[in-house]
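# Residue-level structural notes
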2 protein chains.
Amino acid sequence: MDKKESILEATLKLTTEIGWVDTSTSLIAKEANVGMGTIYRYFESKEQLFYDLFIRLKQKLNEIVISSFSFEKDPFDNFENVVRNLLLYYTENMREFRYLETYSDLTSEIPERIDDTLLPLEPITNFLNGWNNSFQLKPLPIDVIFGLIYGPLVAIANLVHMKKLVLTDQIISDISEACWDSIIVKN
Amino acid sequence: MDKKESILEATLKLTTEIGWVDTSTSLIAKEANVGMGTIYRYFESKEQLFYDLFIRLKQKLNEIVISSFSFEKDPFDNFENVVRNLLLYYTENMREFRYLETYSDLTSEIPERIDDTLLPLEPITNFLNGWNNSFQLKPLPIDVIFGLIYGPLVAIANLVHMKKLVLTDQIISDISEACWDSIIVKN
DNA sequence: CGCAGCGGAGTGAACGCTCACTCTAAGATA
DNA sequence: TATCTTAGAGTGAGCGTTCACTCCGCTGCG
């Protein structure tokens, strides 16, 4: 296996399993079956390693969201599909989810937090604007609309990770519908 | 000013402003205008100090939620009042909010995460069950219902902290209504 | 043999925490 | 009232440890 990949994988595993504070470079090296020095062949510093992993995971997430859209379907079906893909990704990739959620709290370089949001807003915004004929969005700032969707997803993913909820098709549908109800004007 | 209070205040300030990693005991002492050793008069260890602060902030939050309920009013008004108080607390006390949100990610003692949720579930559950005559809750697990309320609140609070949203009475009402719509069956 | 890739002992800096000491103020004595 | 005694809060230099990072010798392929 690629040494660089091993290091990234080990970092993801350790930070999410034993916590940021206890994840030292020597532990990462041991977990990756790699010498300490090898880490510094591939990464400038520990900080840069953490950052590189963050960027990589974020890009992977973006791809999932973007590929979930298909404008040929019914708006709600399409919405449900995005919610489903995100929920499944978050629940089936707990470590990736946790890393993304907690990375920005590590070294909070205020006031500019790492990035406004983990998800790519444009495709979602385009979706919400592009279907204006078939449903009516509540007159709220787009960021609020987005928060009403993303917030519950994070909360639900945490529930699953804490084993307080098992995701079924029914539950996913219900959650999609709940989010939909919160942002759409009902006739 | 009470030395113990100074230490807790300095810890809250530093962890949220310069990040967990860079917050050392000597920095806390300097920020609190206190000798290094004084910290260890009041707290067993650095870890215990962080934990004590977490518990204290959590209790404060619980009191706010509990005191927001008054069962004499209209169910939606009551719901809106809780949402309003929580949003205002979270936005007006950014450091408290950030500390509570990120503490559990510090040293993730899996599998038992610090606590299931930041908020006291009982009063909310009681509220949701107690008004069954005047509105119909969607048939979802109570944890999911809770996530549908709490998730958006966290997302909105983050928006305000990033200065991407200014809370007005109107926005708060709209958000309350959105959350309400997501969990209540409309006739 | 030569050299690119790698490992891990070594290094200085920074950390959490201790402990011998200072200082303050309340109580005791006269 | 003036002075002495003393308890204990407060202090910060220093200790041992751990950390991120370096550097040099080893390995194995061409």
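Use the structure listed above.
Residues numbered from 1 in each chain as written. Chains lettered and ligands numbered in written order. Predicted model: local features only at pLDDT ≥ 70, side-chain atom pairs only at ≥ 80, totals over all residues. Heavy atoms only, no water.

A tally of helices and strands in chain A yields nine helices and zero strands. Of the regular secondary structure in chain A, the N- to C-terminal order runs α-α-α-α-α-α-α-α-α. Excluding contacts between residues fewer than 6 apart, the proportion of contacts in chain A whose partners are at least 24 apart in sequence is 71%. (Helix = DSSP H or I, 4+ residues; strand = E, 2+ residues; numbered from the N terminus. Contact = heavy atoms within 4.5 Å.)

The subject of this paragraph is the relation of the copies chain A and chain B. Note on the copies: chain A fits chain B at an RMSD of 0.1 Å, the axial shift is 0.0 Å, and the rotation between them is 180 degrees. Taken together, these values place the two copies in the relation of a two-fold axis. Scanning chain A for the C-alpha nearest the rotation axis identifies Gly151 of chain A, at a separation of 2.0 Å. Most of the interface of chain A is mirrored in chain B: 100% of its interface residues are interface residues there too. (Least-squares fit on C-alpha atoms with pLDDT ≥ 70 in both.)

Contacts between chain A and chain B engage 40 residues on the former and 40 residues on the latter. Summed over both sides, the interface of chain A with chain B buries roughly 3300 Å², with 66% coming from carbon and sulfur. Considering only the side of chain A, the residues that lose the most area to chain B are Asp105, Asp143 and Lys164 of chain A, jointly responsible for 14% of the buried surface there. The interface formed by chain A and chain B contains four salt bridges. Two residues, Asp181 of chain B and Lys138 of chain A, come together in a salt bridge whose shortest N-O distance is 2.6 Å. Where chain A touches chain B, the interface holds two residue pairs in polar contact (both at pLDDT 80 or more). Elements supplying a minimum of two residues to the side of chain A that touches chain B: helix H1 (3–17), helix H6 (94–106), helix H8 (142–161) and helix H9 (169–183) of chain A. When residues of the side of chain A that touches chain B are assigned to their parent elements, the largest contribution, nine residues, is made by H8 of chain A. A per-class count over the side of chain A that touches chain B returns 19 nonpolar, nine polar and 12 charged. (Buried area = accessible area lost by both parts, 1.4 Å probe. Salt bridge = Lys/Arg side-chain N within 4 Å of Asp/Glu carboxyl O. Polar contact = N/O pair within 3.5 Å; in protein donor to acceptor, adjacent residues only side chain to side chain. Nonpolar A, V, L, I, M, F, W, Y, C, P; charged D, E, K, R; others polar.)

So, on to the protein's contact with DNA strand D. Residues in close proximity to DNA strand D total 16 residues, the closest being Met36 and Lys46 of chain A together with Gly35, Thr38 and Tyr42 of chain B. Taking all atoms of DNA strand D within 4 Å of the protein, the share assigned to sugar and phosphate is 52%. Take Lys46 of chain A: an N or O atom from its side chain is 2.2 Å from a phosphate oxygen of DNA strand D. At 3.1 Å, a backbone N or O of Gly37 of chain B approaches a base nitrogen of DNA strand D. Listing elements by their share of the surface near DNA strand D, those giving two or more residues are helix H3 (36–42) of chain A together with helix H3 (36–42) of chain B. When residues of the surface near DNA strand D are assigned to their parent elements, the largest contribution, five residues, is made by H3 of chain B. (Near = heavy atom within 4 Å.)

For the rest of this paragraph, the subject is the packing of helix H5 (residues 75–92) of chain A against H9 of chain A. All names here are of chain A. Between H5 and H9, the least distance of the axes is 9 Å, while the angle of their chain directions is 120 degrees. By the angle between their directions, the pair H5 and H9 is classed as oblique. Once H5 is placed against H9, the crossing between them reads as right-handed. Here Pro75, Phe76, Phe79, Glu80, Val83, Arg84, Leu87 and Leu88 of H5 come into contact with H9, specifically with Asp169, Ile172, Ser173, Ile175, Ser176, Glu177, Cys179, Trp180 and Ile183. Considered class by class, the residues forming the contact of H5 with H9 number 11 nonpolar, two polar and four charged. (Axes fitted to C-alpha atoms, helices over the stretch in contact; angles between N-to-C directions. Parallel < 35°, antiparallel > 145°, perpendicular 65-115°, else oblique. Left-handed = near helix turned anticlockwise from the far one by under 90°.)

By nearness alone, 15 residues border DNA strand C, and Gly37 and Thr38 of chain A together with Met36, Tyr40 and Lys46 of chain B come closest of all. Near the protein, meaning within 4 Å, the atoms of DNA strand C are sugar or phosphate in a fraction of 60%, with bases accounting for the rest. Thr25 of chain B is positioned with one of its side-chain polar atoms (N or O) 2.9 Å from a phosphate oxygen of DNA strand C. Measuring from a phosphate oxygen of DNA strand C, one finds a side-chain N or O atom of Tyr40 of chain B at 2.7 Å. Mapped by element, the contributors of at least two residues to the surface near DNA strand C are H3 of chain A together with H3 of chain B. With five residues, the single largest contributor to the surface near DNA strand C is H3 of chain A. Considered class by class, the residues forming the surface near DNA strand C number five nonpolar, seven polar and three charged.

All names here are of chain A. Mapped onto the elements, Thr91 comes out in helix H5. Under the relative-accessibility criterion, Thr91 is labelled buried at 16%. Residues within four places of Thr91 in sequence aside, it is in contact with Ala157, Val160, His161 and Leu167. Polar side-chain contacts of Thr91 include one of 2.7 Å to the backbone oxygen of Leu87. (Buried < 20%, exposed > 50% of the residue type's maximum accessible area, 1.4 Å probe, protein only.)

Below, the discussion takes up the packing of aromatic side chains. Inspection of every chain in the model, using the stated rule, returns 22 aromatic pairs over all chains. Relative to Phe97 of chain A, the ring of Tyr90 of chain A lies with its centre 4.5 Å away and its plane at 55 degrees, an arrangement referred to as tilted. A single burial state applies to Tyr90 of chain A and to Phe97 of chain A, both of which are buried. Relative to Tyr150 of chain B, the ring of Tyr90 of chain B lies with its centre 6.4 Å away and its plane at 65 degrees, an arrangement referred to as edge-to-face. Linking Tyr90 of chain B in helix H5 (residues 75–92) with Tyr150 of chain B in helix H8 (residues 142–161), this pair joins segments that are 60 residues apart in sequence. Overall, the relative accessible area of 1% leaves Tyr90 of chain B in the buried class. The exposure class assigned to Tyr150 of chain B is buried, which follows from its relative accessible area of 10%. (Phe/Tyr/Trp six-rings, centres within 6.5 Å; stacked < 30°, edge-to-face > 60°.)

These results come straight from atomic positions and should not be treated as a statement about function.
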